[in-house]
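Survey of secondary and tertiary structure
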Amino acid sequence: MAASTASASAPMAGSELPWVEKYRPIHLCDIVGNEETVERLKIIARQGNMPNIVLAGSPGIGKTTSILCLARELLGDAYKEAVLELNASDDRGIDVVRNRIKAFAQKKVTLPAGRQKIIILDEADSMTAGAQQALRRTMELYSNTTRFALACNMSNKIIEPIQSRCAMLRYDKLTDHQLTRRLLEICEAEQVQHSPDGIEALIFSAEGDMRQAVNNLQSTYYGFGFVNADNVFKVCDQPHPTMVRGIVQACQRGDADVALRGLSDLWKQGYSAVDIITTLFRVTKNLDDMDEYIKLEFIKEIGLTHMRVLEGVQTLLQLSGLVARLCRLTAGPARV
């Protein structure tokens with residue numbers, strides 16, 4: 001339900017679940033995005049023979065949710081007893097593998113015919129090398145009764161012996177259309193008043209991360225009672241893309257004075273160099289009225305500066321130098 005004017009006071013959160021949990025899919029058919037990968041999981045659910053799995057991809061795109069949905073469809077009423085979920089970024093040492101995981105693998109549980117217990121290790125790429133080596137041995141010993149599902153952001157941090165024992169499923173970031181559809185469903189269910197630019201701002205700030213988009217939606221609604229672009233960027237504490245777009249367009253024209261004034265305004269508002277450079281990259285990447293060659297050159301310069309900022313050179317002078325170099329790229333010979 002879109003609204004063009006702000007109204008309604010902010011609701012009280014009460015004891016409700018966070019929306020990211022309240023609207024977490026329960027069945028595989030409810031999952032948004034990554035249709036081909038989810039279809040493979042549906043086939044596994046129908047056949048009932050789950051292999052060990054590694055799910056790799058960015059945060060917030062449905063890896064853990066997918067495996068939980070698969071576990072529910074495979075195990076039915078035995079789900080609560082037959083599934084162990086651990087966050088490996090917290091429980092990542094070798095003792096966890098030797099104690100908790102091994103004890104669960106040995107545990108006797110009544111299961112549907114042909115089914116196995118499931119151990120889900122979230123953030124598995126945070127496990128120590130020793131823990132992964134111990135896990136490899138555990139996977140072999142209890143292969144008749146237990147299956148493992150490892151969710152990770154970077155599959156190259158999972159040791160090769162484990163990768164070779166698992167089916168690899170890769171997840172992509174969600175598209176703007178997929179995020180928009182889901183956000184509008186939640187807005188309708190929660191009667192959230194919003195404007196079109198508010199939804200666009202949520203998409204922009206989330207960058208394909210459904211969890212972040214839903215969290216930002218709820219935070220904006222509870223904070224302001226109305227979801228528009230200004231409110232979203234206040235909640236996300238990011239520089240407003242309109243201001244950043246003005247800086248980029250000034251650089252396109254070679255107008256360094258205007259670009260530097262815009263940059264100084266953002267700096268005075270308290271945004272860090274990382275905030276500014278990240279938004280600068282996103283805005284430049286999505287500009288439609290810029291020649292492809294110039295866009296690539298801009299992105300190259302922004303990327304090099306981003307690297308310096310991450311190395312610790314987070315000063316206004318560093319960002320001002322970037323603006324000067326961007327202006328020089330588009331300035332005519334007489335102005336260089």
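How each quantity is defined
- Residues numbered from 1 in each chain as written.
- Predicted model: local features only at pLDDT ≥ 70, side-chain atom pairs only at ≥ 80, totals over all residues.
- Heavy atoms only, no water.
- Helix = DSSP H or I, 4+ residues; strand = E, 2+ residues; numbered from the N terminus.
- Buried < 20%, exposed > 50% of the residue type's maximum accessible area, 1.4 Å probe, protein only.
- Contact = heavy atoms within 4.5 Å.
- Lys, Arg positive; Asp, Glu negative; His and termini not counted.
- Charge placed at Lys NZ, Arg CZ, Asp CG, Glu CD.
- 1 Å grid on protein atoms, 1.4 Å probe; cavity = no way out; pocket = protein on both sides within 12 Å on 5 of 7 lines; lining within 4 Å.
- Points joined across faces, edges and corners; volume = space filled by probe spheres on them.
- Nonpolar A, V, L, I, M, F, W, Y, C, P; charged D, E, K, R; others polar.
- Pairing = 2+ DSSP bridges.
- Axes fitted to C-alpha atoms, helices over the stretch in contact; angles between N-to-C directions.

As a further point, take the overall build of the protein. From N to C terminus, the protein includes 16 helices and five strands. Based on the C-alpha atoms only, the size of the protein along its principal axes is roughly 75 × 45 × 30 Å. Across the 336 residues that make up the protein, the buried fraction comes to 48%. Put simply, 75% of the contacts in the protein that link residues at least 6 apart link residues at least 24 apart. Measuring between centres, the 39 positive side-chain charges of the protein sit 7 Å from its 40 negative side-chain charges.

Another point: empty space enclosed by the protein. Across all of its chains, the model carries one cavity of 30 Å³ or more by this definition. In terms of lining residues, the largest cavity is bounded by Ile247, Leu263, Ile276, Leu280, Leu319 and Val323. Elements with a contribution of two residues or more to the lining of the largest cavity: α14 (273–285) and α16 (316–330). The residue makeup of the lining of the largest cavity, split by class, is six nonpolar, no polar and no charged.

Structurally, Leu296 is set in helix α15 (residues 292–310). The spatial distance from the C-alpha of Leu296 to the C-alpha of Lys285 is 8.7 Å, given a sequence separation of 11 residues.

Right, let's talk about the sheet that holds strand β2 (residues 83–87) for a bit. Strand order across the open sheet formed by five strands is β2-β3-β4-β1-β5, with parallel pairing between neighbours. The sheet is open, and its two borders are formed by β2 and β5 (167–170), each paired with just one other strand. Between one strand and the next, the sheet's axes are offset by a mean angle of 15°, whatever the strand orientation. As paired strands, strand β1 (residues 53–56) and β5 are joined by four bridges and run parallel to one another.

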